[in-house]
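Examining the three-dimensional arrangement
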Amino acid sequence: MNETMNTPRDVARELARKYSTMTLEELDTLESILVPMKFAKGELILREGEVCRDIMYVCRGLIRQFYYKNGKELTEHMSVEGGIVMCIESLFRQEPTRLQVEALEPTLVYSMPMKKLEEVALHNVNIQMMYRKILEESLILSQVHADLVRFETAQDRYKKMCKLMPQVVLRAPLVYVASYLQMTPETLSRVRTAELKED
C-alpha cells in the first residue's frame, strides 16, 4: 500500500477488496469505525497484561507479536502492510493477554474496535462476511506457523517463510526471523548461506 492510500476511505475499500464486496453504505459504515493510530519504531502497541480490544489493519510499517518464556523472547507473528494484527484469545475472552505487540518500524494502523465491529456486523451482511474472513485468515496463519515449526526442517521453514512473508524476511531483524522460525540466529545464518549457494 503506498503513502497516498492512508485515508480511512482507502482502508475501508482495501478491506472490502480483500475480504468482501460492500455497498457504498457499508463502506461508509466501515469507514466510520476505523481509528488511525501511529507508533514509533520500538513502541509497544499492546503490553502483557493489557486486554486486546481491537482488530488492527497495518497500513504501513512492521509489527511483531511476542511473548516471554523462561526469560526468553519468542516471536509468534509478524505483519507488514495489508496484514491484520490481534491477540485473538484476549480479544474474544476480554482477558489480559500474555502477548506483547511492538512496532519494528514507524507504523500506521487502522484499528477496528471489536465492540463497534460486532455492532455494525449485525446489520451489514458484507461487514459480517469481512469479519468472518479476517478471523478465518488469522486461524489459518496460526495453523500454518504451528505446522511449519512442527513438521518442517530448518531449511524448509526458511524457504516457506520467504514465500509466504517475503517483506517480513527482508525487513525484520534476523534475530526475530530466527525466533519466529524457532531456530537460533546461528542456524538461520547457516540456512541462509546454504540458500544463497543454491540460488
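In this report, we go over the structure that sits alongside the text. (Residues numbered from 1 in each chain as written. Predicted model: local features only at pLDDT ≥ 70, side-chain atom pairs only at ≥ 80, totals over all residues. Heavy atoms only, no water.)

Here's the deal with the overall build of the chain
Secondary structure assignment for the chain yields nine helices and eight strands. On C-alpha atoms alone, the chain measures out to a radius of gyration of 18 Å, which is about the 16 Å that the 2.2 N^0.38 rule sets for 199 residues. In terms of overall dimensions, the chain has a C-alpha envelope of 55 × 40 × 30 Å along the principal axes. When each of the 199 residues of the chain is scored for burial, the buried share is 45%. For the chain, contacts bridging at least 24 residues in sequence account for 71% of all contacts bridging at least 6. Split by element, the accessible area of the chain, about 11000 Å² in all, is 53% carbon and sulfur. (Helix = DSSP H or I, 4+ residues; strand = E, 2+ residues; numbered from the N terminus. Rg over C-alpha atoms; globule rule 2.2 N^0.38 Å. Buried < 20%, exposed > 50% of the residue type's maximum accessible area, 1.4 Å probe, protein only. Contact = heavy atoms within 4.5 Å. Areas by Shrake-Rupley, 256 points an atom, 1.4 Å probe, with all protein chains shown as cover.)

As for the layout of surface pockets
When its volume is computed, the largest pocket comes out at roughly 720 Å³. Forming the walls of the largest pocket are 28 residues, and the residues nearest its centre are Gln65, Glu76, Ile88, Leu99 and Ser142. Counting residues per element, the lining of the largest pocket draws most heavily on helix α5 (residues 125-151), which supplies eight residues. Classifying every residue of the lining of the largest pocket gives 13 nonpolar, 10 polar and five charged. In this structure, the second largest pocket spans a volume of roughly 400 Å³. Surrounding the second largest pocket, 21 residues form its lining, His77, Met78, Leu141, Leu164 and Met165 being those nearest its centre. Among the secondary structure elements, those contributing two or more residues to the lining of the second largest pocket are β5 (72-79), α5, α6 (154-164) and α7 (166-171). It is α5 that provides the largest number of residues to the lining of the second largest pocket, a total of five residues. Here the lining of the second largest pocket is built from residues that sort into 13 nonpolar, five polar and three charged. (1 Å grid on protein atoms, 1.4 Å probe; cavity = no way out; pocket = protein on both sides within 12 Å on 5 of 7 lines; lining within 4 Å. Points joined across faces, edges and corners; volume = space filled by probe spheres on them. Nonpolar A, V, L, I, M, F, W, Y, C, P; charged D, E, K, R; others polar.)

Describing the sheet that holds strand β4 (residues 63-69)
Strand order in the open sheet formed by four strands is β2-β7-β4-β5, with antiparallel pairing between adjacent strands. For this open sheet the edge positions go to β2 (44-46) and β5, each flanked by a neighbour on one side alone. For this sheet the average axis-to-axis angle between neighbouring strands, irrespective of direction, equals 35°. By the bridge criterion, four bridges tie β4 to strand β7 (residues 100-103) in an arrangement that is antiparallel. Residue pairing across strands places Ile63 opposite Ala103, the latter belonging to β7. (Pairing = 2+ DSSP bridges. Axes fitted to C-alpha atoms, helices over the stretch in contact; angles between N-to-C directions.)

Examining the pattern of salt bridges
Tallying each qualifying case throughout the model produces 13 salt bridges. Residue Asp10 is joined to Arg13 by a salt bridge in which the shortest nitrogen-to-oxygen separation is 3.9 Å. Taken together, the residues span about one helical turn, with Asp10 and Arg13 both in helix α1 (residues 8-19) at a distance of three residues. Between Glu152 and Lys160 there is a salt bridge whose closest N-O contact spans 2.7 Å. Glu152 sits in the partly exposed class, given a relative accessible area of 22%. On the accessibility criterion, Lys160 (37% relative accessible area) is partly exposed. Here the salt bridges do not stand alone but share partners, grouping Arg9, Asp28 and Glu31 into one network. (Salt bridge = Lys/Arg side-chain N within 4 Å of Asp/Glu carboxyl O.)

Observations concerning the nonpolar core
Membership of the largest hydrophobic core comes to 41 residues, with the highest contact counts inside it found for Leu15, Leu30, Ile55, Met112, Leu117, Met130 and Ile134. In terms of nonpolar packing, the next biggest core, distinct from the first, is built from 19 residues, Leu62, Met161, Val169 and Met183 among them. (Core = buried A, V, L, I, M, F, W, Y, C linked by side-chain atoms within 4.5 Å.)

Digging into the packing of aromatic side chains
Taken as a whole and assessed by the stated rule, the structure comprises one aromatic pair. Seen in terms of ring centroids, Phe66 and Tyr68 are 5.8 Å apart; in terms of plane orientation they differ by 80°. Their pairing is edge-to-face. In this structure Tyr68 comes out as partly exposed when scored by relative accessible area, which is 43%. Just above the ring of Phe66 sits the side chain of Arg64; from NZ or CZ to the centre is 3.8 Å. Lying across the ring of Tyr176, Arg64 places its NZ or CZ 3.7 Å from the centre. (Phe/Tyr/Trp six-rings, centres within 6.5 Å; stacked < 30°, edge-to-face > 60°. Lys NZ or Arg CZ within 6 Å of the ring centre and 35° of its normal.)

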